[in-house]
Amino acid sequence: MQSIDPKLQSGVWQRVMGASQTEAPTGPSAPTGPDVTAIPATPLTPATPTVPTTPTTPTTPTTPAVPETPAVLSAEELLERMQHEKNDCAAYRYLCCKACGCDARTLRQMADDEACHFKKLHAMYFLITGKCVCLPPEKPDCTACLTDALRARYEGELAAAAQYEADARRWPDMADEFLCMAADETRHSKCVRAMICRRL
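Every chain is numbered independently, its residues counted from 1 as its sequence is written. A pLDDT threshold of at least 70 governs which residues receive local features in this predicted model, and a stricter bar of 80 or more applies before side-chain atom pairs are shown or counted, although totals over entire chains, interfaces and linings include all residues. Processing note: side-chain calculations cover all non-hydrogen atoms of the structure and skip hydrogens and water entirely.

**As for the overall build of the protein chain**
So, step 1. Secondary structure counts use DSSP, requiring at least four H or I residues in a row for a helix and at least two E residues in a row for a strand, with both numbered from the N terminus. The helix and strand tally for the protein chain stands at five helices and zero strands.
So, step 2. Along the chain direction, N to C, the helices and strands of the protein chain fall in the order α-α-α-α-α.
So, step 3. Relative to its 200 residues, the protein chain shows a buried fraction of 26%.
So, step 4. In the protein chain, of all internal contacts separated by at least 6 residues, the share reaching a separation of at least 24 is 80%.
So, step 5. Total accessible area on the protein chain is roughly 14,800 Å²; 60% of this is exposed by carbon and sulfur atoms. Burial classes: relative accessible area under 20% of the type maximum marks a residue as buried, over 50% as exposed, and values in between as partly exposed (1.4 Å probe, protein chains only). Residues count as neighbours in contact if any of their non-hydrogen atoms are within 4.5 Å of one another. Accessible surface is estimated by sampling points in the Shrake-Rupley manner with a 1.4 Å probe; for residues, cover comes only from the protein chains shown.

Here it is in structure tokens:
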């Protein structure tokens, strides 16, 4: 085997290595300095501003309108009606002594009704004044003719019925009492009319 000169081998090796380094592809170098192209930053989407929530004002309950208080009867008006009832009671008790049979019984019952009306009116008077009163009846007119006396009572009963119906509208809290008394007075007028028919 032929021996290789070490010097010759070294020179060949150096030439080969030198060519390899020269021919080696040079990779792209990292850009430096002012030639660096800045990558534009992705713009951030602005956050949608949060609209503050307006606190809900609690609804104040509507106060119902207070109805106007109707004008109730005055104490003087009640006293006037009480006096009429006292007088009517006394008048019918007087007339029942002039009548007989079923007419006398009817007149006595009518007198009791008028006394009951007085008590109801007296209770109303006490409610608005806190006082009790004692009203003596007026002396009934003496009459010789029962039919003439009944005729006068007939007009009075119709007027009393109309008055109590009007009182019921003025004083709704007592409307049931007034309407009941109005019905009694209407019934009394029919009884008086029937008695007059029987006597003619």
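That covers the picture; the talk isn't over yet.
**Some remarks on the packing of helix α2 (residues 75–96) against helix α3 (residues 101–129)**
So, step 1. For the pair α2 and α3, interaxial distance at closest approach is 8 Å and the crossing angle is 160°. The orientation of α2 relative to α3 falls into the category roughly antiparallel. When the axes of α2 and α3 are compared, the crossing they make is left-handed.
So, step 2. Note on residue classes: Ala, Val, Leu, Ile, Met, Phe, Trp, Tyr, Cys and Pro are nonpolar, Asp, Glu, Lys and Arg are charged, and everything else, Gly too, is polar. When grouped by side-chain class, the residues that make up the contact of α2 with α3 number 18 nonpolar, three polar and eight charged. Inter-axis angles, ranging from 0 to 180 degrees, are taken between N-to-C directions of lines fitted to C-alpha atoms, where helices are fitted over the stretch in contact. Throughout this description, any angle smaller than 35 degrees is read as roughly parallel, any larger than 145 degrees as roughly antiparallel, any in the 65 to 115 degree range as roughly perpendicular, and the remainder as oblique. Here a crossing is called left-handed whenever its near helix is offset anticlockwise from the far helix by less than a right angle, and right-handed whenever the offset is clockwise.

**Focus on α3**
So, step 1. Its 29 residues give α3 an end-to-end C-alpha distance of 43 Å, which sits within 8% of 42 Å, the value for a rise of 1.5 Å per residue.
So, step 2. In the stretch just after α3, Gly 130 is the one whose phi turns positive, near 75°. One less than the number of residues in a helix, times 1.5 Å, gives the span that helix is expected to have.

**Let's talk about the pattern of salt bridges**
So, step 1. Here a salt bridge means any side-chain nitrogen of Lys or Arg lying within 4 Å of a carboxyl oxygen belonging to Asp or Glu. All chains considered together, the criterion is met by eight salt bridges.
So, step 2. The closest approach of N and O atoms between Asp 112 and Arg 93, which form a salt bridge, is 3.1 Å. On the criterion of sequence distance, the pair formed by Asp 112 in helix α3 and Arg 93 in helix α2 is long-range, its members being 19 residues apart.
So, step 3. Assessed through its relative accessible area of 35%, Asp 112 is described here as partly exposed.
So, step 4. Taking relative accessible area as the criterion, Arg 93 reaches 38% and is therefore assigned partly exposed.
So, step 5. A salt bridge links Lys 120 to Glu 177, with the nearest nitrogen and oxygen atoms 3.3 Å apart. With Lys 120 in helix α3 and Glu 177 in helix α5 (residues 175–199), this pair connects stretches of sequence that are 57 residues apart.
So, step 6. Taking relative accessible area as the criterion, Lys 120 reaches 22% and is therefore assigned partly exposed.
So, step 7. Here the salt bridges do not stand alone but share partners, grouping Asp 113, Asp 184 and Arg 187 into one network.

**Re the nonpolar core**
So, step 1. Counting 17 residues, the largest nonpolar core has Leu 78, Leu 121, Met 124, Trp 171 and Phe 178 as its most contacted members.
So, step 2. Every element with two or more residues in this core is listed here: α2, α3, α4 (146–170) and α5.
So, step 3. Setting aside anything within four residues of it in sequence, one finds Phe 178 in contact with Leu 73, Leu 121, Met 124, Tyr 164, Asp 167, Ala 168 and Trp 171.
So, step 4. Buried Ala, Val, Leu, Ile, Met, Phe, Trp, Tyr and Cys residues that are joined via side-chain atoms within 4.5 Å together make up what is termed a nonpolar core. Among the nonpolar cores identified, the runner-up in size contains 15 residues, and Cys 89, Cys 96, Leu 107 and Val 192 belong to it.

**Quick look at the packing of α2 against α4**
So, step 1. Two elements in contact, α2 and α4, have axes whose closest approach is 12 Å; the angle formed by their N-to-C orientations is 150°. In terms of their interaxial angle, α2 and α4 are classed as roughly antiparallel. Relative to α4, the crossing made by α2 is left-handed. Each of Glu 77, Arg 81, Glu 85, Asp 88, Ala 91, Tyr 92 and Leu 95 in α2 lies in contact with α4, whose residues at this interface are Leu 146, Ala 149, Leu 150, Arg 153, Glu 157, Gln 163, Tyr 164, Asp 167 and Arg 170.
So, step 2. By residue class, the composition of the contact of α2 with α4 is seven nonpolar, one polar and eight charged.

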